[in-house]
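What follows is the residue order along each chain.
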Amino acid sequence: MTQQPTYGPHNPHPLSQMRTELVWEGKYDEYGQRREVDIAGCAMPMQRIEGIDEPRREAAAKQQLTLFEQQNPRVDDFRNRLIWGDNKLVMASLLQEFKGKVDLIYIDPPFDVGADFTMSVAIGDGKEEIDKDQSTLEMVAYRDIWGRGTDSYLHMLHERLNLARELLTEKGSIWVHVGPQVTHTVKSLLDDIYGSNNFRGTVAWKRSAGAGSSKAISKKLAANYDSIHLYSKCSECIWNQPKVPYKPEYLERFKHQDDRGYYRIDNLNTYSQQTFERLKEEGRLVEPKSSGANYGYKRYIHELPGAIIDDLWIDLPYVNPMADERVDYVTQKPEALLERIIQASSNEGDLVLDAFCGSGTTGAVAERLGRKWLMADLGRFAIHTSRKRLIELQRKLHKDGKPYRAFDVYNLGRYERQWWQQERLQGADTEHRRIVLEFFRAEVLTNTPSPLLHGRKAGAFCHVDGIDSMFTRDEARAVALATSAAGGRECYCLAWEFEMDLHLLVNALTTELGVKLKLIQIPREIMEKNRKAPPPFLEVAVLAAEAVYRKDPHPLTPSPKLGEGGQETPAPLSRPGRGAGGEGKTVDIKLTQFLPSLAEVPTKELEAIRERAIRSGFDFIDFWAIDFNWQPDKPFTHDWQDYRTRKDRSLKTISDAAYTYPAPGKYIACVKVVDTFGCDTSITVEVEV
């Protein structure tokens, strides 16, 4: 019989050398080495695609800029940023500029493995709603988060929490908002990254008024709270103790009054004789009514800062259906919750980051409280909701004479594609075209009649544009000529980006050459590693607009609004056309056609919604903006915009900017439309004054 070894201090058991830690699949590589986040490999430049300083642009369009600048409460020390993209790549990309500079991070990552993120969105006048799916990109991301259950969820969070720690200042803090399903594992993860000695507490926030459906609470306690874990980067951190006003029953104790105000009498604690004499001289002491009794101490109501808040937050209501702040976003958090967090862990002028921004509550509250902010989200609808909300806040702050900061919209754009090409495709553009055609379910042509024709599908040719280029008018004509020369009548043009206003040229080429070009957006989802199922390839949205010229620089006639059924309420306008000379002439833009992309409509409803969109496409416009003096190499500048709100579903179809150009000549205006699903499309309009 083999004798079992005796373990003890002289011969420790191998397991005794292990420390207590949270382990998940992917934390260690095959050699037992801990995987580090590839910060350098994930970092890439971001494109600034929009600049938004709505009140300033509005004043400039009305030729009041000089006076406005003297009264403008805009703060110019920093331009806030709203970023569309994977927050892992976004945070890695922010490190070059913001490493160690963020004072507060709040994140609210998805924490429900069975969650249904389909939401209802209003169209037209709001009397009708339709379901909106997650974008395919969001679905892929959500599947990656929960594809291997808790393991993949923790791995996703581990990477992002490490990046967040690099961004924090030495006195910075992070608040991580999760549900009861994952709160215990996420806290262990935070202990692992930030250190248990930097744990500052966990808030239990009561998130709703009800207990849920009978099915939800069957054979278990009703789950009605979220956990918000607070960690600091180091032992010292920014901390402003949260307080709330005292309850009325407590204030009723202050029933005495003198010339200083209302007070109550507290027992006097033991003080030195020197302190006792000072308090007596200040009139803060009440003499005892009987011998042997202690002096009393006057505690004034106006000197009390409020009741200290503990970690049980049951006083902050959820966003109810009638709340003014409601933006109809499924995971929207109340502003009061973020206000308490931001005030506790930051000071005015500090920088706040939310990498899962959703409806933009963090940015809205940070802006109102005088903080700078960075926000990111993967969903187009989240970016659109946040942009609209922050523009509305800008308008309100400006109207009230309160300070605000301008903000810019960024995305990772073509840099992300170039990174994918270099990392996964070893830089080969032919490999890129093969993958696109494979997902498009098209045949790759080996003996092609033209270098511009790369595939064939159902009798039509296919052209796949370069990974780092934009499909232009010149390319469209060249592809149409190549298709015609090869005896074809139809060609799918697949591209990552399209030059603005291509549809007019496409229609002209059909008439001229008898070749129909179909403009198809390449889905970003094909860049996903190990992806096999093809994402939907849909035609780009159709948008048309024209310039409207007026002689009166301040027309009294209001712009028409969309009424019932998407019909315009008539209003007399000058006839659209070109003018000669800019003196006394203003320009506006009229929308004439819109057909949305339906990429995020549930498949079962696609046909019905397509018919509705063809019949009344304007009902699907949620937001539109104009850059009257657009430059191809510059970000889109918001000179004018109009949008639907929850309370006001009307929408102008002709701008009322009364824009005046600096001198006679030819200009290009750019029109950007965002549909009710959050997808945007743009065209250019030639203007001559």
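Everything numeric in this text was worked out from a predicted model, so none of it was measured.

**Student:** An account of the overall build of the protein chain is requested, with residue identities and associated values reported.
**Tutor:** Across its full length, the protein chain holds 17 helices and 30 strands. Taking all 689 residues of the protein chain together, the buried fraction comes to 51%. In the protein chain, once contacts between residues fewer than 6 apart in sequence are set aside, the share between residues at least 24 apart is 73%. Summed over all atoms, the accessible surface of the protein chain reaches about 34,400 Å², with 49% contributed by carbon and sulfur.

**Student:** Let's hear about the nonpolar core: which residues, and what values?
**Tutor:** The biggest cluster of nonpolar side chains holds 46 residues, and the ones touching the most others in it are Leu161, Ile174 and Tyr194. When residues of this core are assigned to their parent elements, the largest contribution, 8 residues, is made by helix H6 (residues 150-167). When residues no more than four places from it in sequence are discounted, the contact partners of Ile174 are Ile105, Leu161, Ala164, Leu168, Tyr194, His229, Leu230 and Tyr231.

**Student:** Give me a nonpolar patch on the surface: which residues, what numbers.
**Tutor:** Taken together, the side chains of Leu251, Tyr262 and Ile301 define a hydrophobic patch exposed on the protein surface, amounting to about 230 Å² of accessible area. With respect to the helices and strands, Ile301 occurs in the loop between strand E13 (296-300) and strand E14 (307-308).

**Student:** Quick rundown of helix H12 (residues 380-399)? Include the residues and the values.
**Tutor:** Helix length check: H12, at 20 residues, gives a terminal C-alpha distance of 29 Å against a target of 28 Å (1.5 Å per residue), a fit within 8%. For H12, the tally of buried residues reaches 14 of 20 residues, placing the bulk of the element in the interior. Phi turns positive, to about 70°, at Gly401, one or two residues after H12.

**Student:** Describe the environment of Ile107, naming the residues involved and giving the relevant values.
**Tutor:** As for its placement among the helices and strands, Ile107 is situated in strand E3 (residues 102-107). The sequence separation of Ile107 and Leu353 amounts to 246 residues, and the corresponding C-alpha distance is 8.2 Å.

**Student:** Can you lay out the sheet that holds E13 for me, pointing to particular residues and giving the numbers?
**Tutor:** Taking strand neighbours across the sheet as the criterion, the 4 strands line up as E10-E11-E13-E12 in an open arrangement whose pairing is antiparallel. Of all the strands in the sheet, just strand E10 (256-258) and strand E12 (285-286) have a single pairing partner and so form its edges. Bridging between E12 and E13 involves 2 bridges; their strand directions are antiparallel. Bridge pairing in E13 links Val286 to Gly296.

**Student:** Summarise the sheet that holds strand E16 (residues 351-354); cite the residues concerned and give the values.
**Tutor:** The 11 strands are arranged E15-E7-E8-E6-E3-E16-E17-E2-E18-E1-E27 in an open sheet whose pairing can be described as mixed. The open sheet has two edge strands with one neighbour each: strand E15 (312-313) and strand E27 (636-637). Here E3 runs beside E16; their pairing, made up of 2 bridges, is parallel. Bridged to Ile105 within E16 is Leu353. On top of the sheet, helix H4 (residues 87-98) reaches strand E2 (80-84), E3, E16 and strand E17 (372-377); it is set at about 150° to E2, its chief contact.

**Student:** An account of helix H15 (residues 473-485) is requested, with residue identities and associated values reported.
**Tutor:** The periodicity of an α-helix, 3.6 residues per turn, causes residues three or four places apart in sequence to face the same way. Over its 13 residues, H15 runs 18 Å from end to end, which matches the ideal 18 Å to within 8%, given 1.5 Å per residue. Of all the residues in H15, the buried ones are Ala476, Val479, Ala480, Ala482 and Thr483. All buried residues of H15 project into a common sector of 165° when viewed along the axis, lining one side. Opposite the packed face of H15, turned more than 90 degrees from it, sit the exposed residues Asp474 and Ala485. Considering only its buried residues, H15 is in contact with strand E21 (460-464), strand E22 (490-495), helix H16 (503-513) and strand E23 (516-521). Gly487 occupies a position one or two residues after H15 and carries a positive phi of about 85°.

**Student:** Got a sec to walk through the confidence of the model for the protein chain? Specific residues and values, please.
**Tutor:** Mean pLDDT for the protein chain: 83, with 82% of residues reaching 70 or above. Across residues 63-70 the pLDDT falls below 50, and counting only partners more than four positions away or on other chains, this stretch makes 12 contacts in the model. Confidence drops under pLDDT 50 across residues 564-582; counting only partners more than four residues distant or on other chains, this segment forms 41 contacts.

**Student:** Explain the packing of helix H11 (residues 361-368) against H12 to me, using residue names and the numbers behind them.
**Tutor:** Running from amino to carboxyl end, H11 crosses H12 at an angle of 15°, the nearest separation of the two axes being 10 Å. By the angle between their directions, the pair H11 and H12 is classed as roughly parallel. In this structure, H11 crosses over H12, and the sense of that crossing is right-handed. Facing H11, whose interface residues are Thr361, Gly363, Ala364, Glu367 and Arg368, H12 presents Arg389, Leu390, Leu393 and Leu397.

**Student:** I'd like a description of the side chain of Asp226, backed by residues and values.
**Tutor:** Secondary-structure assignment places Asp226 in strand E8 (residues 225-232). In terms of polar contacts, Asp226 uses its side chain to reach the side chain of His177, at 2.9 Å. Setting aside residues up to four positions removed in sequence, Asp226 forms contacts with Phe111, His177, Val178, Gly179, Pro180, Val203, Ala204, Trp205, Arg207 and Lys333.

**Student:** Pulling in residues and values, what's your account of the packing of aromatic side chains?
**Tutor:** Counted under the stated rule, the structure contains 19 aromatic pairs. Here the aromatic rings of Phe276 and Tyr295 are separated by 5.0 Å at their centres, their planes lie at 80°, and the arrangement is edge-to-face. Of this pair, Phe276 sits in helix H9 (residues 273-281) while Tyr295 sits in the loop between E12 and E13; the two residues are 19 residues apart in sequence, bridging distant segments of the chain. For Phe276, a relative accessible area of 17% gives the class buried. With a centroid separation of 6.4 Å and 35° between ring planes, the pair formed by Phe620 and Phe677 is classed as tilted. Placement of the pair is Phe620 in the loop between helix H17 (606-615) and strand E26 (621-627) and Phe677 in the loop between strand E29 (666-675) and strand E30 (680-688), with a sequence separation of 57 residues. Note on accessibility: Phe620 and Phe677 belong to one class, buried. Counting every residue linked through ring pairs, the aromatic cluster contains Phe628, Tyr659, Tyr661 and Tyr667. In this structure, Arg387 packs its charged tip against the face of Phe623, placed 5.3 Å from the ring centre.

**Student:** Which residues make up the side chain of Asn411, and what are the values?
**Tutor:** Locating Asn411 in the fold gives a position in strand E18 (residues 407-411). Dropping the residues within four chain positions of it, Asn411 is found in contact with Met46, Gln47, Ile49 and Trp84.

**Student:** Describe the pairing of E29, listing the residues and the values that go with them.
**Tutor:** Counted residue by residue, E29 has 8 buried out of 10 residues, so it is predominantly covered. Note that E26 and E29 share 6 bridges and pair antiparallel. Its bridge partner lying in E29, Phe623 is registered against Val674. Across 9 bridges, the pairing between E29 and E30 is antiparallel. Considered in E30, the bridge of Ala669 is made with Val685. The turn joining E29 and E30, which pair antiparallel and follow one another in sequence, is formed by 4 residues; a positive phi near 95° is taken by Gly678.

Conventions and cut-offs
Residues numbered from 1 in each chain as written. Predicted model: local features only at pLDDT ≥ 70, side-chain atom pairs only at ≥ 80, totals over all residues. Heavy atoms only, no water. Helix = DSSP H or I, 4+ residues; strand = E, 2+ residues; numbered from the N terminus. Buried < 20%, exposed > 50% of the residue type's maximum accessible area, 1.4 Å probe, protein only. Contact = heavy atoms within 4.5 Å. Areas by Shrake-Rupley, 256 points an atom, 1.4 Å probe, with all protein chains shown as cover. Core = buried A, V, L, I, M, F, W, Y, C linked by side-chain atoms within 4.5 Å. Patch = residues over 30% accessible without salt bridge, like charges linked within 9 Å, V, L, I, M, F, W, Y side chains within 5 Å. Salt bridge = Lys/Arg side-chain N within 4 Å of Asp/Glu carboxyl O. Expected span 1.5 Å × (residues − 1). Pairing = 2+ DSSP bridges. Axes fitted to C-alpha atoms, helices over the stretch in contact; angles between N-to-C directions. Arc of directions from axis to C-beta. pLDDT = per-residue confidence, 0-100. Parallel < 35°, antiparallel > 145°, perpendicular 65-115°, else oblique. Left-handed = near helix turned anticlockwise from the far one by under 90°. Polar contact = N/O pair within 3.5 Å; in protein donor to acceptor, adjacent residues only side chain to side chain. Phe/Tyr/Trp six-rings, centres within 6.5 Å; stacked < 30°, edge-to-face > 60°. Lys NZ or Arg CZ within 6 Å of the ring centre and 35° of its normal.

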